[in-house]
Amino acid sequence: PNSKAGDGKPRLLLMGQRRSGKSSISSVVFHKLPPSETLYLETTTRIKKESMHSFMDFQVWDFPGHLDYFDPAFDVDNIFEEIGALIWVIDAQDEYLEAIMRLNTTILNLQHSYPNINVEVFVHKVDGLSEDYKGDTFRDIIQRVQDELSDHGYENAPVSFYQTSIYDHSIFEAFSKVIQKLIPQLPTLEALLNSLCSTCHIEKAYLFDIMSKIYIATDTSPTDIGSYEICSDYIDVVIDVSEIYGWPRGEQNGDDESLTETGNNDAESLITMERKGNNYLYLREINKYLALICLMGDDSPAEKKAVIDYNVGVFQAALKQVFPRAERDAVEAPAA
Ligand code: GDP
């Protein structure tokens, strides 16, 4: 119910004070900018809508002083009706009291009109903090928000907290958790992935949004960040992301129906398997946004590839039932 975008894509809104790290996050996650180069980014000004070849869709908002987003003149409905999650970025290296005040006001306002929007608080830039200070800051921020919410009788508001940094995988991990909440089909996806893993002796399987390297689902075996890193690095090795930016399929074909029928042409869909240290990695493009990546131990030698190909094919067909629209989405014109 939270996946509200008209085109069926989960829609995210990134908000927070100036210099909290919004442009950096969107550049690193969605545009492959090396984190160190965010030092030279221009800070977010006003509202930026982004259009991208991703399974999800998102917008970045600043707090421009002149724009009161709950001002009646401002078309709040139009914006918040489409949003599944509001990601609120707080700079943990800076004074954060004012940021929390604004966050609390926003949550209270949202609770009133849009109680279903998930509020996802990214306590950001934690890379610069000592372990102790990091933990204390995190707890303090949570406490300050929760106190305010219970004062107003909203202790059950859908607010979650994450510690993030663009200098490691934590930002991707957090986005993955945020996005998974917006996918009503998640239990189905997990069941499909579980079944694939047990049939093919796969240790870990991730369904990745290729462009952002956020995983939208994984099997329900315990996740460790190490296997996520191996799989996410593999995307870079195998898929030329610049091609995805220009992926012409939707437009070229003209009629979207044919895409719905066939999904990715198997001939075009990239399938590869490779040994990496003590593991085997298997990657298959599922549709224009998603790739399945599996991590297998040594006991799954390459000879089994045919079995895996077959079962992944079954998985891919099942997924088409789950996401009929993802195949159909044509390339969108960038919003103003
Ligand atoms: P915005 O105004 O919210 O869009 O903030 P920017 O994206 O312009 O970021 C402001 C500054 O914070 C930049 O100098 C970034 O390099 C820095 N920054 C962003 N994310 C991180 C992070 O995770 N860790 C650290 N240490 N710095 C960050």
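It should be noted that the structure appears before, not after, this text.
Residues numbered from 1 in each chain as written. Predicted model: local features only at pLDDT ≥ 70, side-chain atom pairs only at ≥ 80, totals over all residues. Heavy atoms only, no water.

**Q** Help me out: how do you make sense of the nonpolar core in this one?
**A** In globular proteins that are soluble, nonpolar side chains generally tend to be buried together. If you look at the biggest cluster of nonpolar residues, it comprises 65 residues, and the most contacted ones within it are Leu 12, Phe 175, Leu 207 and Leu 292. With 7 residues, strand β11 (residues 290-296) is the single largest residue contributor to this core. Those residues in contact with Leu 207, other than ones at most four positions away along the chain, are Leu 189, Ile 214, Tyr 215, Ile 216, Ala 217, Ile 286, Leu 290, Ala 291, Leu 292, Phe 315 and Leu 319. Residues Tyr 96, Leu 103, Ile 107 and Leu 110 belong to the second largest nonpolar core, which totals 31 residues. (Core = buried A, V, L, I, M, F, W, Y, C linked by side-chain atoms within 4.5 Å. Buried < 20%, exposed > 50% of the residue type's maximum accessible area, 1.4 Å probe, protein only. Helix = DSSP H or I, 4+ residues; strand = E, 2+ residues; numbered from the N terminus. Contact = heavy atoms within 4.5 Å.)

**Q** What is the right way to look at the packing of helix α6 (residues 186-200) against helix α11 (residues 305-322) in this model?
**A** If you want to describe how two helices pack, look at the angle between their axes and the distance between the axes. One way to put it is that α6 packs onto α11 with a least axis distance of 10 Å and a crossing angle of 170°. Judged on the interaxial angle alone, α11 and α6 are roughly antiparallel. Along the contact surface, α6 presents Thr 188, Leu 189, Leu 192, Leu 193, Leu 196, Thr 199 and Cys 200, while α11 presents Val 307, Ile 308, Asn 311, Val 312, Phe 315, Ala 318, Leu 319 and Val 322. When its residues are assigned to classes, the contact of α6 with α11 shows 12 nonpolar, 3 polar and no charged. (Axes fitted to C-alpha atoms, helices over the stretch in contact; angles between N-to-C directions. Parallel < 35°, antiparallel > 145°, perpendicular 65-115°, else oblique. Nonpolar A, V, L, I, M, F, W, Y, C, P; charged D, E, K, R; others polar.)

**Q** Can you help me understand helix α5 (residues 170-180) in this one?
**A** Every α-helix winds through 3.6 residues per turn, so residues three or four apart in the chain are directed the same way. Where burial is concerned, most of α5 is hidden: 10 out of the 11 residues are buried. Taken together, the buried positions of α5 are occupied by Ser 170, Ile 171, Phe 172, Glu 173, Ala 174, Phe 175, Ser 176, Val 178, Ile 179 and Gln 180.

**Q** I tried to follow the packing of aromatic side chains on my own but got confused; where do I start?
**A** Think of a pair of aromatic rings as described by two things: how far the centres are apart, and how the planes are tilted against each other in angle. For the structure on display, the rule yields 9 aromatic pairs. Three or more aromatic residues joined by ring pairs make a cluster, and in this case those are Phe 30, Phe 122, Tyr 162 and Phe 175. Lying across the ring of Tyr 206, Lys 204 places its NZ or CZ 5.9 Å from the centre. (Phe/Tyr/Trp six-rings, centres within 6.5 Å; stacked < 30°, edge-to-face > 60°. Lys NZ or Arg CZ within 6 Å of the ring centre and 35° of its normal.)

**Q** Before we go on, may I ask you to explain the sheet that holds β11 in this structure?
**A** Two pairing modes exist for strands in a sheet, parallel and antiparallel, and in both the strands are linked by backbone hydrogen bonds. Here 5 strands make up an open sheet; going across it, the order is β8-β7-β11-β10-β9 and the pairing antiparallel. Each edge of the open sheet carries a strand with a single partner, namely β8 (214-218) and β9 (271-276). Each adjacent strand pair in this sheet contributes to an overall mean axis angle of 25°, direction not counted. Bridge count for β9 against strand β10 (residues 279-285) is 6 bridges, and the pairing is antiparallel. Looking across to β10, one finds that Lys 276 is bridged to Asn 279. (Pairing = 2+ DSSP bridges.)

**Q** What's the story with helix α3 (residues 97-113) in this structure? I'm lost.
**A** Taking 1.5 Å per residue, 17 residues should reach 24 Å; α3 reaches 25 Å between its end C-alpha atoms and fits that length. Buried within α3 are the following residues: Ala 99, Ile 100, Leu 103, Asn 104, Thr 106, Ile 107, Leu 108, Leu 110 and Gln 111. (Expected span 1.5 Å × (residues − 1).)

**Q** What's the story with the pairing of strand β4 (residues 85-91) in this structure? I'm lost.
**A** If a strand is regular, its side chains alternate between the two faces of the sheet. Burial within β4 is extensive, with 7 of its 7 residues counted as buried. On β4, burial covers both faces: Ala 85, Ile 87, Val 89 and Asp 91 on one face and Leu 86, Trp 88 and Ile 90 on the other are all buried. The pairing of strand β1 (residues 11-16) with β4 spans 5 bridges and is parallel. Bridged to Gly 16 within β4 is Val 89. A crossover connection joins β4 to the parallel strand β5 (residues 118-124) through α3; in handedness this β-α-β unit is right-handed. (Right-handed = clockwise from strand over helix to strand, strands pointing away.)

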